[in-house]
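Remarks on the overall topology
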Amino acid sequence: SCLPGEVAVGGGAGITFAFTQDAAIFTSEPREADGSDPEDGDVPTKWAAVGVNGTGVPQLMNVHVLCASP
């Protein structure tokens, strides 16, 4: 999440050490403060991602957000 007054201008997600097709990121996208998809005119203030791990080995998924002050 961004700090109060900031806007999410970018972001992303990745799975550490997942060198296989059995672990993947399905979605990586901006969200409003309540977690919903931003609609026209709404300000995204966080980033969310969904991934899957079918490797049988624990994986670490990192999600990052790039914030800016308007």
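These numbers were taken from a predicted model, which means no experiment stands behind them.

Let's talk about the overall build of the chain
Tallying secondary structure elements over the chain gives 0 helices and 4 strands in all. Ordered by position in the sequence, the α and β elements of the chain form the string β-β-β-β. Computed over C-alpha atoms, the radius of gyration of the chain comes to 14 Å, more than 25% over the 11 Å expected from 2.2 N^0.38 for 70 residues, which places it beyond the range of a compact globule. Projected onto the principal axes, the alpha-carbon positions of the chain cover approximately 40 × 20 × 15 Å. A burial count over the chain gives 17% of its 70 residues as buried. By sequence separation, contacts in the chain at least 24 residues apart represent 60% of the contacts at least 6 residues apart.

Some points on the side chain of R31
Relative to the elements of secondary structure, R31 occurs in strand β2 (residues 23-31). Within the structure, the side chain of R31 is placed 2.8 Å from the side chain of E29, a separation counted as a polar contact. Residues contacting R31, with those up to four places away along its chain left out, are S36, D37, P38, P44, T45, K46 and A48.

Examining a negative patch on the surface
The grouping of D34, E39, D40 and D42 at the surface amounts to a negative patch. Inspection of the secondary structure assignment puts D34 in the loop between β2 and β3 (46-53).

Digging into a nonpolar patch on the surface
A cluster of nonpolar side chains, namely F26, V50 and V52, defines an oily patch on the protein surface of about 280 Å² accessible area. Considering the arrangement of structural elements, one finds F26 in strand β2. Look at F26 and you get exposed, because its relative accessible area is 59%.

Points about the state of the cysteines
Applying the stated criterion across every chain, the model contains 1 disulfide. Covalently, C2 is tied to C67 through a disulfide, its sulfur atoms 2.1 Å apart. Because the sign of the S-S torsion sets the handedness, a value of about -85 degrees for the bond joining C2 and C67 places this disulfide among the left-handed ones. With a gap of 65 residues between them, C2 in the segment before β1 (7-16) and C67 in strand β4 (residues 60-68) connect regions that are remote in the sequence.

Parameters and conventions
Residues numbered from 1 in each chain as written. Predicted model: local features only at pLDDT ≥ 70, side-chain atom pairs only at ≥ 80, totals over all residues. Heavy atoms only, no water. Helix = DSSP H or I, 4+ residues; strand = E, 2+ residues; numbered from the N terminus. Rg over C-alpha atoms; globule rule 2.2 N^0.38 Å. Buried < 20%, exposed > 50% of the residue type's maximum accessible area, 1.4 Å probe, protein only. Contact = heavy atoms within 4.5 Å. Polar contact = N/O pair within 3.5 Å; in protein donor to acceptor, adjacent residues only side chain to side chain. Patch = residues over 30% accessible without salt bridge, like charges linked within 9 Å, V, L, I, M, F, W, Y side chains within 5 Å. Areas by Shrake-Rupley, 256 points an atom, 1.4 Å probe, with all protein chains shown as cover. Salt bridge = Lys/Arg side-chain N within 4 Å of Asp/Glu carboxyl O. Lys, Arg positive; Asp, Glu negative; His and termini not counted. Charge placed at Lys NZ, Arg CZ, Asp CG, Glu CD. Disulfide = S-S within 2.5 Å.

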